[in-house]
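Residues per chain, in single letters:
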Amino acid sequence: MKKPEHVLLIYPPLNNIVFFGTFEPLVLEIFSSIAKQEGCKVELIDIRFDPKGLENLAEKGYSPDLIGLATHGYSEVSIVNELARTCRSIWPHAVITVGGGQATITPELFDATAYDYLVKGPGENLWRRFCREGLSRQSEYQLIQDDHVSKEYTFPTPDRGISEKYRQHYRLTRGGGRAAFIVMTQGCPFRCTFCAIWPASLKLYRLRVIDEIVTEMKSIKEDYVYIGDDNTFANYNFANRLADEFIAAGIYKKMVTACRADHISKHPELFEKWASIGLKEIIIGIEATSDEQLEQFNKAANVADNIKAIQILKQCGIRPIVHLLVPPHWNHADFDRLYDFIIEYRIETPIIIPLTPIPGTKDYKMYKEKGEIVTESEEFFTFNFNVLKPKHMGLKAFDHAYDRIEKRVYSLKRYFGGYCGDIKFMEYLRWYIFIRIYLLYLRKRRKKLYKLVNPALL
Ligand code: SF4
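It should be emphasised that the depicted structure is a prediction, and the values quoted were computed from it without experimental measurement. (Residues numbered from 1 in each chain as written. Predicted model: local features only at pLDDT ≥ 70, side-chain atom pairs only at ≥ 80, totals over all residues. Heavy atoms only, no water.)

1. A look at the domain arrangement of the protein
Domain annotation of the protein identifies domain 1 (6-151) and domain 2 (153-457). Of the residues lining the interface, 47 residues belong to domain 1; the matching set on domain 2 comes to 49 residues. Buried surface at the junction of domain 1 and domain 2, both sides included, amounts to about 4000 Å², of which 63% is carbon and sulfur. At the junction of domain 1 with domain 2, the criterion picks out 6 salt bridges. Glutamate 24 is paired through a salt bridge with arginine 160; the nearest N and O atoms lie 2.9 Å apart. When residues of the side of domain 1 that touches domain 2 are traced back to their parent elements, those giving at least two are α1 (26-37), β2 (41-46), α3 (77-90), α4 (101-105) and α5 (124-133). With 8 residues, α1 is the single largest residue contributor to the side of domain 1 that touches domain 2. (Domains from an automatic or database assignment. Contact = heavy atoms within 4.5 Å. Buried area = accessible area lost by both parts, 1.4 Å probe. Salt bridge = Lys/Arg side-chain N within 4 Å of Asp/Glu carboxyl O. Helix = DSSP H or I, 4+ residues; strand = E, 2+ residues; numbered from the N terminus.)

As structure tokens, then:
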């Protein structure tokens, strides 16, 4: 075991279409900073834009001592395994590590002989140790977990220079410009049944050191910043102080983040303050339009809070990007009720998501035990496809109902009827076109899905 000199960081491609934007590989930029602080020389390959990057490095005679592979979600597990096997064949002496959310909740899905170490949960302290002390090769991966995770979420300013060669690609979709990515918190204190975030972060909710965030925000060149948190505002005092520090430091960026509705409905003044420093959009997990369904999701929220939150955000000039889930027990009347909700509250650009039981979540366990998962094929666990047995109709009819509501929601009739809030026509038109391309994509991909499932379910 010797201290690594050359460290290679690899960001895998996604197995999905891009809804909001393509973002920088932040976790690897953080790991690059840590590795450099420990005296290592670092290379980064973003396979999304450099599919032959590993082979090209090898041709130049490059040979890493330590490789760090990031993961995305369940749908990319095979891709990450394949990348690890490629690394193993090119650089048989390198130590290969993997970590991230899906590795934490389903380590058994990762190829045991392709990695030397699989890190569960927060990995920044362990990564520093790996870079400082080195690791030895293993015949099968060893599971490692940091037993002393600090309460505060702290790490050095990400090394954005390491991804400079790809930076032109990190942009928002639908005509948006260049965008940076940042994190301010990690995990979530809630326990929704469909959500992989809380098990993936070992039930922790950590707040980043505010001075670190301010320093990093000041260093970001892009005007638009995507805050990649799952729940930025769960701690009112933290979020309020952070906004005050941004104001004191003269920081103004166009920002988007995610938040629960109840935090918004309890503290409208907080969101007015954040709007004044540039918060433009909030992804808000409304999930359902009935208290009964919210209860089933263990969302610990109610419809009244959801509606109030949408109204507060609109008053503040922040667009709510409302997420709504489509569970498999829906009938046609349920789809119609969802449409009526969207109309009534003039939700500009709702994201309607088939309920997807990601392995490692409570929902996965429940639907698996009931035998209601129609395919385990990971390429369909991208939150775009229904992979559950519908209760009241066949799979094709259910998919048709889903497509129909998407078309009704993103229709010119809804826009010109005045039911789309204050979104400008050209922006709505981009969504309108995007959704129609998206539906064509779904129809094409579903042909494969239908071949995988029991024909009696179609
Ligand atoms: S509130 Fe959001 S992030 Fe937290 S557990 Fe529920 S869905 Fe996941």
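Having seen it, we continue.
2. So, the packing of α1 against α5
At a minimum axis separation of 9 Å, α1 and α5 run at an interaxial angle of 40°. Two packed elements cross with a definite hand, and for α1 against α5 that hand is right-handed. Residues Phe31, Ile34, Ala35 and Gln37 of α1 form the contact with α5, whose participating residues are Glu124, Trp127, Arg128 and Cys131. In the contact of α1 with α5, the residues fall into 5 nonpolar, 1 polar and 2 charged. (Axes fitted to C-alpha atoms, helices over the stretch in contact; angles between N-to-C directions. Left-handed = near helix turned anticlockwise from the far one by under 90°. Nonpolar A, V, L, I, M, F, W, Y, C, P; charged D, E, K, R; others polar.)

3. Re the site of the ligand
Within the structure, the ligand sits among Cys188, Phe190, Cys192, Phe194, Cys195, Ile197, Trp198, Arg260 and Lys299. A class-by-class count of the residues in the shell around the ligand yields 7 nonpolar, no polar and 2 charged. (Near = heavy atom within 4 Å.)

4. Looking at the pattern of salt bridges
If you walk through the whole model with that rule in mind, you get 36 salt bridges. Measuring nitrogen to oxygen at the nearest pair gives 3.0 Å for the salt bridge that ties lysine 41 to glutamate 5. Taken together, the residues lysine 41 in strand β2 and glutamate 5 in the segment before β1 (6-11) connect sequence positions 36 residues apart. Lysine 41 gets classed as partly exposed once you look at its relative accessible area, which sits at 47%. Among the salt bridges present, the one from glutamate 133 reaches arginine 129, with a minimum N-O distance of 3.9 Å. In this pair, glutamate 133 and arginine 129 both sit in helix α5, 4 residues apart, roughly one turn of the helix. Connected via shared salt-bridge partners are Glu24, Glu29, Arg160, Arg167, Arg208, Glu212, Glu216 and Glu222. (Buried < 20%, exposed > 50% of the residue type's maximum accessible area, 1.4 Å probe, protein only.)

5. Describing the environment of lysine 368
With respect to the helices, strands and loops of the structure, lysine 368 is situated in helix α14 (residues 362-369). A relative accessible area of 43% places lysine 368 in the partly exposed class. When the C-alpha positions of lysine 368 and leucine 388 are compared, they lie 9.7 Å apart, and in sequence the two are 20 residues distant. Residues in contact with lysine 368, not counting those within four places in the same chain, are Ile373 and Glu376.

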